[in-house]
Amino acid sequence: MDLSGMNEELAEIEGQINDILRALSNGFQKLEKIKDANRRSRQLEELTDKMRDCKRLIKDFERLVKEEEATNSHDTIKMLNDRKQSMIKELNSYVALKKQQQSENKRIDLFGGANAENDYDENVVLASSMTNQQLVDQGNSLMDETDQSIERSKQTVQSTINVGAETAAALKAQTEQMSRVVNELDSIHFSIKKASKLVKEIGRQVATDKCIMALLCLIVIGVIAIIIVKIVNPHNKDIAGIPGLAPPVNRRLLWIPD
C-alpha cells in the first residue's frame with residue numbers, strides 16, 4: 001500500500017527511516033572491516049547518531065498513525081502499526097549489534113602490541129560468523145540486562161518516594177508545630193495587651209482615689225483647724241459657727257454676800 005496516497009507526511013517519514021536503516025546496515029558491515037580502534041569508535045558514534053535520529057522518526061511515525069486512526073479503517077491502521085513494529089524490531093537489532101561491538105572494543109583495549117591485532121581479527125570473525133539465532137539470543141540477553149537495570153531503577157525510585165513521603169510527613173508535623181507556636185504567641189500577645197490595658201485602668205483609678213483622699217484630708221484638716229481656733233477664741237466674729245457644734249457658754253460668777 002502506497003502511503004503517499006493516504007498521508008504524504010507519513011510516506012516521507014517512512015522513506016527517511018528506511019534510508020537510515022539502510023545506512024545502519026552498510027555502516028555495521030563496514031565496521032567489521034575496520035581494524036583501528038579509534039576509527040571503530042568514531043564509526044560507532046556516527047551509527048549511534050543515526051539510531052537516535054531513527055528512533056525520533058519512528059516516534060513521529062507513531063504519532064501520525066494515532067492521528068490517522070479516526071479517518072482510516074481498522075485494517076489500514078493495523079498495517080501501519082505492523083510497519084512501525086517492523087521498523088522498531090530492525091532498529092533494536094542494530095542497537096544490539098552496537099552494544100556487542102562496544103563490548104568487543106573493550107576486550108580489544110585490554111591487550112597491546114601485536115596480540116591486539118590477532119585478538120581483534122578473531123573477534124571480527126566471531127561476530128561475522130554468528131547466526132541469526134545467536135544474534136537473537138544476544139539480543140534477549142541484552143534485554144534481560146535492561147530489565148534488571150529497570151528493576152533496580154524502580155527500587156531506587158521507590159526508595160526516593162519513601163524518603164520523600166517521610167520528609168513530607170516531617171515537614172507537615174513541623175508546620176503544624178509552628179502553627180501552634182504562632183497561635184500561642186498570639187494568645188500571649190493578646191494577654192499582654194489586655195494586662196497592659198488593665199494596669200492603665202488601675203493606675204488611673206489609683207490616681208483618682210489619691211486625689212479624693214488628698215481632698216478629704218484637706219477638708220478634715222480645715223475642720224480641725226476651725227474647731228481649734230473656735231475653742232481658743234470663741235468671741236472671734238470672723239469665724240462662723242461650725243454646724244453641729246454648740247456655741248460656747250458664758251460663765252457668770254456668782255456673788256456671795258459677806
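How each quantity is defined
- Residues numbered from 1 in each chain as written.
- Predicted model: local features only at pLDDT ≥ 70, side-chain atom pairs only at ≥ 80, totals over all residues.
- Heavy atoms only, no water.
- Helix = DSSP H or I, 4+ residues; strand = E, 2+ residues; numbered from the N terminus.
- Contact = heavy atoms within 4.5 Å.
- Areas by Shrake-Rupley, 256 points an atom, 1.4 Å probe, with all protein chains shown as cover.
- Core = buried A, V, L, I, M, F, W, Y, C linked by side-chain atoms within 4.5 Å.
- Buried < 20%, exposed > 50% of the residue type's maximum accessible area, 1.4 Å probe, protein only.
- Axes fitted to C-alpha atoms, helices over the stretch in contact; angles between N-to-C directions.
- Parallel < 35°, antiparallel > 145°, perpendicular 65-115°, else oblique.
- Left-handed = near helix turned anticlockwise from the far one by under 90°.
- Nonpolar A, V, L, I, M, F, W, Y, C, P; charged D, E, K, R; others polar.
- Phe/Tyr/Trp six-rings, centres within 6.5 Å; stacked < 30°, edge-to-face > 60°.
- Salt bridge = Lys/Arg side-chain N within 4 Å of Asp/Glu carboxyl O.
- Polar contact = N/O pair within 3.5 Å; in protein donor to acceptor, adjacent residues only side chain to side chain.
- Patch = residues over 30% accessible without salt bridge, like charges linked within 9 Å, V, L, I, M, F, W, Y side chains within 5 Å.
- Lys, Arg positive; Asp, Glu negative; His and termini not counted.
- Charge placed at Lys NZ, Arg CZ, Asp CG, Glu CD.
- pLDDT = per-residue confidence, 0-100.

1. Some remarks on the overall build of the protein
Part 1: Along the backbone of the protein there are 5 helices and 0 strands.
Part 2: Its helices and strands taken in sequence order, the protein reads α-α-α-α-α from the N to the C terminus.
Part 3: A sequence separation of at least 24 residues applies to 70% of the contacts in the protein between residues at least 6 apart.
Part 4: A total accessible area of about 19,800 Å² is found for the protein, and carbon and sulfur atoms account for 57% of it.

2. A look at the nonpolar core
Part 1: In this structure, Ile 17, Leu 21, Leu 24, Cys 54 and Phe 61 are the most contacted members of the largest nonpolar core, which totals 22 residues.
Part 2: Here the element with the most residues in this core is helix α2 (residues 37-68); it accounts for 9 residues.
Part 3: Look past the residues within four positions of Leu 24 in its chain and what remains in contact with it is Leu 47, Lys 50, Met 51, Leu 91 and Tyr 94.

3. A short note on the packing of helix α1 (residues 8-31) against α2
Each packed pair of helices is defined by two parameters, the angle between the axes and the distance between the axes.
Part 1: Interaxial distance between α1 and α2 falls to 9 Å at its minimum, and their mutual angle equals 155°. Considering the angle they form, α1 stands roughly antiparallel to α2. The two elements α1 and α2 cross, and the hand of that crossing is left-handed.
Part 2: A breakdown of the residues in the contact of α1 with α2 according to their chemical character gives 18 nonpolar, 3 polar and 8 charged.

4. Some words on the packing of aromatic side chains
Part 1: According to the stated counting rule, one finds 1 aromatic pair in the structure shown.
Part 2: Measuring from centroid to centroid gives 5.7 Å for Phe 28 and Tyr 94, while their planes differ by 5°, and the two rings are stacked. Here the residue Phe 28 occupies a position in helix α1, and Tyr 94 occupies one in helix α3 (residues 74-109), the gap between them amounting to 66 residues. The exposure classification of Phe 28 matches that of Tyr 94, with both residues buried.

5. Examining the pattern of salt bridges
Part 1: A complete count under the given rule lists 7 salt bridges for this structure.
Part 2: A salt bridge links Lys 84 to Glu 62; its shortest N-O distance comes to 3.5 Å. With Lys 84 in helix α3 and Glu 62 in helix α2, this pair connects stretches of sequence that are 22 residues apart.
Part 3: A residue is classified by how much of its surface remains accessible, and Glu 62, at 28% relative accessible area, is partly exposed.

6. So, the side chain of Lys 84
Part 1: Exposure remark for Lys 84: the relative accessible area of 9% places this residue in the buried category.
Part 2: If near-sequence neighbours (up to four positions away) are discounted, Lys 84 is found in contact with Ile 58, Phe 61 and Glu 62.

7. Quick look at the side chain of Arg 40
Part 1: Inspection of the secondary structure puts Arg 40 in helix α2.
Part 2: A distance of 2.4 Å separates polar atoms of two side chains, one belonging to Arg 40 and the other to Gln 101.

8. Remarks on a positive patch on the surface
Part 1: A contiguous patch of positive charge, built from Lys 193, Lys 197, Lys 200 and Arg 204, is present on the exposed surface.
Part 2: By secondary structure assignment, the location of Lys 200 is in helix α5 (residues 132-232).

9. With respect to a negative patch on the surface
Part 1: On the surface, Asp 144, Glu 145, Asp 147 and Glu 151 cluster together to form a negatively charged patch.
Part 2: Inspection of the secondary structure assignment puts Asp 144 in helix α5.

10. Quick look at a nonpolar patch on the surface
Part 1: A cluster of nonpolar side chains, Ile 212, Met 213, Leu 215, Leu 216, Leu 218, Ile 219, Val 223, Ile 227 and Ile 231, forms an exposed patch at the surface whose accessible area comes to about 850 Å².
Part 2: On the secondary structure map, Leu 218 appears in helix α5.

11. Notes on the confidence of the model for the protein
When pLDDT is low, close inspection of the predicted coordinates is not appropriate.
Part 1: Taken residue by residue, the protein gives an average pLDDT of 78. The fraction at 70 or more is 76%.
Part 2: Confidence scores differ between elements of the protein, with helix α4 (residues 114-128) showing the lowest mean pLDDT of 40 and α1 the highest of 89.
Part 3: In this model, residues 112-128 is a region of pLDDT below 50 whose contacts with residues beyond four sequence positions or in other chains number 17 contacts.

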